[in-house]
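Residue-level listing of the chains:
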Amino acid sequence: MKRIYAHTLVKNEERWLWFAVNSVAPYVDKILLWDTGSTDKSIKIEKSLVRKYQDKINFRQIGEVDQQKFTKVRQEMLDESNCDWVMILDGDEVWWRKNIKRAIEIINKRGDKLESLVHKYYNLVGDVYHYQEQKAGRYCIDGVTGHITIRFFNRKIPGLHFSKPHGTEGIFDDKGVLIQERDYKKRLHLDDYYLHFTHLTRSSTVLNDKGVIKRNIKYKYELGIPFPKVFKYPETFYKKRPVYIPNPWQKRSKYYFFRALFETPIRKIKRRIWKGKTGY
């Protein structure tokens, strides 16, 4: 069996962190859960997760970081990961059980021959009931563009390291090649999704969100595509949660709707003249 560590580097992720960690913790060998100066309830949530999963979580309070230090901390997590594969799990990403289990099964069966897995995600806008069109996806991997990303990669890629400041950082090999630009035959694209909350409020207040690097430019006003009424969310959303965990089922406000009604056409026009970029 391959050892798989998840890296969760967070600041002010009060709204979704509990759901994110609970969706993955039962299936990986260890989670490095490092906090970079949260001022909301994130630390309280992190400590409750440590109590729940005990030795499985490596919890650390790093303190404030800038864009350069953020990447250095990513590298420190990588250096301390004595494992076969690494999973990037941000505090705003929640997985379905079958999709995380499928990824781990593939790694256990084919992990010696593969270097990375490419997953799809629903990028939510407004609330948990709406998501962006695929044309909003910025990343291009192996000629495929959309809401796709590498969230699992082989720890044994030669010279594996993080580089460049937060927001532009990437994972490189010993020759300075991004892992998504290495041999495509060693990369597997999966038709499996997770939920991504990057464009929603992620802390308890807008002020707390503004205290996080680059987050003030991530919140979007957009109508989005509604999920079907029969849509099943990741299992962790239906679990009993502590009273201090925010309700995930809140609907967007009327103000949000009318502003999104105005901004959505503009965003769609921009997307259709914009070219994607490679990224992990």
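See the structure printed just above.
None of these values were measured; they are calculated from a predicted model.

Focus on the overall build of the protein
Secondary structure summary: the protein contains six helices and 14 strands in total. When the backbone C-alpha atoms are referred to their principal axes, the protein occupies close to 50 × 45 × 40 Å. Of all 280 residues assigned to the protein, the portion counted as buried reaches 54%. Taking the contacts inside the protein whose residues are at least 6 apart along the sequence as the reference set, 79% of them involve residues at least 24 apart. Of the roughly 13,700 Å² of accessible surface on the protein, a fraction of 52% belongs to carbon and sulfur atoms.

Here we look at the environment of isoleucine 88
Looking at the element boundaries, isoleucine 88 is found in strand 4 (residues 85-88). Beyond its immediate sequence surroundings of up to four residues, isoleucine 88 is in contact with His7, Arg74, Glu93, Arg151, Phe153 and Phe162.

A closer look at the nonpolar core
Counting 49 residues, the largest nonpolar core has Met87, Leu117, Leu124, Phe152, Leu195 and Phe197 as the members making the most contacts within it. Counting residues per element, this core draws most heavily on helix 1 (residues 17-24), which supplies six residues. Those residues in contact with leucine 117 that sit more than four places away from it in its chain are Trp85, Ala103, Ile106, Ile107, Thr149, Ile150, Arg151, Phe152, Leu188 and Leu190. Val118, Ile141, Ile150 and Phe162 belong to the second largest nonpolar core, which has 22 residues in total.

Notes on a positive patch on the surface
A cluster of like positive charges, contributed by Lys41, Lys44, Lys47 and Arg51, occupies part of the molecular surface. Within the secondary structure, lysine 41 is located in the loop between strand 2 (30-35) and helix 2 (42-53).

Re the sheet that holds strand 2
Read from one edge to the other, the open sheet built from eight strands follows the order 3-2-1-4-10-6-13-5, with strand pairing classed as mixed. Across the chains shown, the open sheet's two edge strands, defined by having one partner strand only, are strand 3 (57-61) and strand 5 (93-95). Each adjacent strand pair in this sheet contributes to an overall mean axis angle of 30°, direction not counted. Sheet topology places strand 2 next to strand 3; five bridges connect them, and they run parallel. Across the sheet, residue leucine 33 finds its bridge partner in strand 3, namely phenylalanine 59. Sheet strands touched by helix 4 (residues 97-110): strand 1 (4-10), strand 4, strand 5, strand 6 (116-123), strand 10 (148-154) and strand 13 (187-196). Its angle to strand 13, the strand with the most contacts, is close to 155°.

Some points on the pairing of strand 2
Burial analysis of strand 2 places five of its six residues in the buried class, the great majority of the element. Here strand 1 runs beside strand 2; their pairing, made up of six bridges, is parallel. Of the residues in strand 2, the one forming a bridge with histidine 7 is leucine 32. In the classification by handedness, the crossover that spans strand 1, the intervening helix 1 and the parallel strand 2 is right-handed. Chirality of the crossover, the property in question, places the unit of strand 2, helix 2 and strand 3 among those that are right-handed.

Cut-offs applied
Residues numbered from 1 in each chain as written. Predicted model: local features only at pLDDT ≥ 70, side-chain atom pairs only at ≥ 80, totals over all residues. Heavy atoms only, no water. Helix = DSSP H or I, 4+ residues; strand = E, 2+ residues; numbered from the N terminus. Buried < 20%, exposed > 50% of the residue type's maximum accessible area, 1.4 Å probe, protein only. Contact = heavy atoms within 4.5 Å. Areas by Shrake-Rupley, 256 points an atom, 1.4 Å probe, with all protein chains shown as cover. Core = buried A, V, L, I, M, F, W, Y, C linked by side-chain atoms within 4.5 Å. Patch = residues over 30% accessible without salt bridge, like charges linked within 9 Å, V, L, I, M, F, W, Y side chains within 5 Å. Salt bridge = Lys/Arg side-chain N within 4 Å of Asp/Glu carboxyl O. Lys, Arg positive; Asp, Glu negative; His and termini not counted. Charge placed at Lys NZ, Arg CZ, Asp CG, Glu CD. Pairing = 2+ DSSP bridges. Axes fitted to C-alpha atoms, helices over the stretch in contact; angles between N-to-C directions. Right-handed = clockwise from strand over helix to strand, strands pointing away.

None of the figures reported here should be taken as evidence of function without further support.
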